[in-house]
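Coordinate inspection notes
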Amino acid sequence: MREAVGKLVGILLVLSLASLPVLAAAPPLGQLALPSLESLEPQAKVSVSISLDASLLAVAAQFLDSGQPEDRAVKDVIAGLQGVYVRSFTFDHAFVYPANAIDSLRKQLHTACWQSIMSVRKGKEDSTVDIFICQLQQKARGLAIIAVEPRELTIVNIVGAIDLDKLHRLEGHFGIPRLPEAK
Amino acid sequence: MPDELLAAARAGESDGFAALVRLHQARVFSIALRMLTDRALAEDLAQEVFLQLHHSIRSLDSHQHLVFWLRQVTTRRAIDRLRREHRSETISLDESLGLVAAESDADPLLRQHLQSLIGKLAPMPRAILLLRYQEDLDPLDIAQTLAVPVNTVKSHLKRSLAALRTQLSGLAPIDESGEA
Amino acid sequence: MNEDLDKQLRQALRPVDPGEDFTARVLAQISAKPRSLRTHWRRAAWIPAALAASVLLVVAGVYEWQQRQKEAGLAARAQVVEALRVTSQKLDLAYRLINTSSRPPSDRDSGA
């Protein structure tokens, strides 16, 4: 019975949507085409894949309680963002992923609005972190972080102008580490 | 005033959106026309762009952003269309195509000749030339619009202009691919 | 010669207006969407009474849909929090990498 009801709702929704032209929007500035990296999943102990576009962020915001200080702070951080995308893999052993896994991503970060704002390499720990910002007419349009560690590979792409000060205020909540004070 | 029109359009006012269409239709149509070299196709493409604008208008936060968006979406769609259809890059010299503004001060024959030569360029260098000389963008803005490195833009501009100069001076025909 | 060509190109490539008809056609396409939905609703007003029961089924279905939306919303919320956690973690890593490489060797040796 429930299934039948669900199907009927589905059919009615499809019929009403069919009268609207479906127009694929161009990806917003600051959004990267992330490599799928599906081949890494079988080798990874932990895989995280998050894709939240503007509509999903709006849905998430509806379920953040403005009456709770923590939720309000998260709402504040994501207000005005058009997308949040994360791909993260944790492995049991060091460097099981190919060095060129993210070449296509790095190529995108050398075009158009993207510029590197930080690039840290620590040979002893074999860790690197590259941070890029996409800027248009003096306004931030996106942030990209590529963190390569021996047992962890992480890519973050935030579309829109993320306020790192507001992110700073989240530390200590939701398992978010405390960041050192900015100098 | 344009920011007010955008605000009105974002609020769902059809008059505001109509005013934005009138304000930018020449820009969008001209890019489409000079890329596709076919009036009917250019009108179709321009209409698609404005329909997409209507759908996406709430994601645009300033008039500057809107103009950037229009240029980007129009040139990308035109480039995709050209590549997909492998359209011939030669065009008719028929003035009724109206590829060049009638009120232009340029010599009519030179206008047509220039348009014919531009129509022989490959999609990317053609788009770069249009953004430079129709839209008056600098190479960095063109690079952002087309999502290509700025050196690629400069290289294409240099080669395209050299080829145009050579052809205009009557020394050699332009390479069909528009590439050096 | 360069300036001449630049000037000639700018003149030749001045924008061409497609005309007032173009604007009207764009607006007609946009306004056609809600009109077709309104027509659909007017027809629905004449649906025979036998279909009224279907409306009740739809209401029940909407409730089910709302429950699924709530689950999806809570899942999206969790994903946002996780994404921000990962972002902060990697920013922290960047800071630590800079910090440990800029400290003098004696500080690092002490394990601080």
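Quick note: structure is the one above.
Residues numbered from 1 in each chain as written. Chains lettered and ligands numbered in written order. Predicted model: local features only at pLDDT ≥ 70, side-chain atom pairs only at ≥ 80, totals over all residues.

Concerning the overall build of chain A
Short version of the rule: Think of it this way: any DSSP run of H or I at least four residues long counts as a helix, any run of E at least two long counts as a strand, and we number them from the N terminus. Here exposure depends only on C-beta density: within 10 Å of a residue's C-beta, 20 or more other C-beta atoms make it buried, 12 or fewer make it exposed, and intermediate numbers make it partly exposed, the C-beta atoms being placed from the backbone. Contacts are defined on C-beta atoms placed from the backbone: any two residues whose C-beta positions lie within 7 Å are in contact.
The helix and strand tally for chain A stands at five helices and six strands. In chain A, the succession of helices and strands from N to C terminus is α-β-α-α-β-α-β-β-β-β-α. In chain A, buried positions account for 26% of the 183 residues. Here the analysis covers contacts within chain A between residues at least 6 apart in sequence; of these, 61% occur between residues at least 24 apart.

Structural notes on the nonpolar core
As a reminder, the rule being used: By definition, a nonpolar core groups buried Ala, Val, Leu, Ile, Met, Phe, Trp, Tyr and Cys residues that connect through C-beta atoms lying within 7 Å of each other. All domain edges in this entry derive from an automatic or database-based domain assignment.
One finds Ala32 of chain B together with Val80 of chain C to be the most contacted residues of the largest nonpolar core, which totals 87 residues. In terms of residue count, the dominant contributor to this core is helix 2 (residues 14–36) of chain B (ten residues). Formed jointly, this core draws a minimum of three residues from each of two domains, domain 1 (1–87) and domain 2 (93–180) of chain B. Setting aside anything within four residues of it in sequence, one finds Ala32 of chain B in contact with Ala42, Leu45, Ala46, Thr74 and Ala78 of chain B.

Re the sheet that holds strand 4 (residues 127–136) of chain A
All names here are of chain A. Applicable threshold: For two strands to count as paired, DSSP must find a minimum of two bridges between them. Fitted lines through C-alpha atoms serve as axes, helices being fitted only where they are in contact, and the angles separating the N-to-C directions of these axes extend from 0 to 180 degrees.
An order of 1-2-6-5-4-3 is seen for the six strands of this open sheet, with the pairing classed as antiparallel. The open sheet has two edge strands, strand 1 (44–53) and strand 3 (114–122), and neither has a second partner. Direction aside, neighbouring strands of the sheet carry axes that sit 5° apart on average. Judged from the eight bridges that link them, strand 5 (residues 139–149) and strand 6 (residues 152–159) form a sheet pairing that is antiparallel. Pairing of Gly142 across the sheet is with Val159, part of strand 6. Contacting strand 1 and strand 2 (83–91), helix 2 (residues 54–62) runs over the sheet at an angle of about 95° to strand 1.

A closer look at the interface of chain C and chain B
This is how it is decided: Amino acids outside the nonpolar list (Ala, Val, Leu, Ile, Met, Phe, Trp, Tyr, Cys, Pro) and the charged list (Asp, Glu, Lys, Arg) are all regarded as polar, and Gly is one of them.
Listed as interface residues are 20 residues of chain C and, on the opposing side, 32 residues of chain B. Of all the elements in the fold, those that place two or more residues in the side of chain C that touches chain B are helix 1 (2–12) and helix 2 (20–44) of chain C. Residue composition of the side of chain C that touches chain B, by class: twelve nonpolar, four polar and four charged.

Some points on the pairing of strand 4 of chain A
Residues and elements named next belong to chain A. Of the strand pairs in this sheet, strand 3 and strand 4 are connected by eight bridges, and their pairing is antiparallel. Bridging from a neighbouring strand, Ser116 pairs with Phe132 of strand 4. Of the strand pairs in this sheet, strand 4 and strand 5 are connected by nine bridges, and their pairing is antiparallel. Paired with Leu136 across the two strands is Lys139, which belongs to strand 5. Between strand 4 and strand 5, which pair antiparallel and follow one another directly, the connecting turn spans two residues, one of which, Gln137, has a positive phi of 50°.

Quick notes on unusual backbone geometry
Residues and elements named next belong to chain B. With a phi angle near 50°, Thr37 is a residue other than glycine that sits in the positive phi range. Secondary-structure assignment places Thr37 in the loop between helix 2 and helix 3 (39–56). Of note, Asp136 is a non-glycine position whose phi angle comes to about 60°, a positive value. With respect to the helices and strands, the residue Asp136 is situated in the loop between helix 6 (123–133) and helix 7 (139–146).

Considering the packing of helix 1 (residues 2–10) of chain B against helix 2 of chain B
All names here are of chain B. Using the following cut-off: Geometric relationships in this document are graded by angle, where less than 35 degrees denotes roughly parallel, more than 145 denotes roughly antiparallel, 65 to 115 denotes roughly perpendicular, and other angles denote oblique. Should the near helix be turned anticlockwise from the far one by less than a right angle, the crossing is termed left-handed; should it be turned clockwise, right-handed.
The N-to-C vectors of helix 1 and helix 2 enclose an angle of 135°; their axes lie 7 Å apart at closest approach. Classified by the angle between their axes, helix 1 and helix 2 sit oblique to one another. As for how helix 1 packs across helix 2, the hand of that crossing is left-handed. Residues Pro2, Leu5, Leu6, Ala8 and Ala9 of helix 1 form the contact with helix 2, whose own contacting residues are Asp15, Gly16, Phe17, Ala19, Leu20 and Leu23. Looking at side-chain class alone, the contact of helix 1 with helix 2 contains nine nonpolar, one polar and one charged residues.

Brief notes about the packing of helix 3 of chain B against helix 4 (residues 63–85) of chain B
All names here are of chain B. One way to put it is that helix 3 packs onto helix 4 with a least axis distance of 10 Å and a crossing angle of 135°. Classed by the angle they form, the pair helix 3 and helix 4 counts as oblique. Two packed elements cross with a definite hand, and for helix 3 against helix 4 that hand is right-handed. Residues Leu45, Glu48, Val49, Gln52 and Leu53 of helix 3 form the contact with helix 4, whose own contacting residues are Leu70, Val73, Thr74, Arg77, Ala78 and Arg81. Along the lines of polarity and charge, the residues of the contact of helix 3 with helix 4 split into six nonpolar, two polar and three charged.

Some remarks on helix 7 of chain B
Looking at helix 7 of chain B, one finds that the buried residues are Ile142, Ala143, Gln144, Thr145 and Leu146 of chain B. Against strand 4 of chain A together with helix 4, helix 6 and helix 8 (150–168) of chain B lie the buried residues of helix 7 of chain B. Backbone geometry just downstream of helix 7 of chain B places Ala147 of chain B in the positive-phi region, at approximately 55°.

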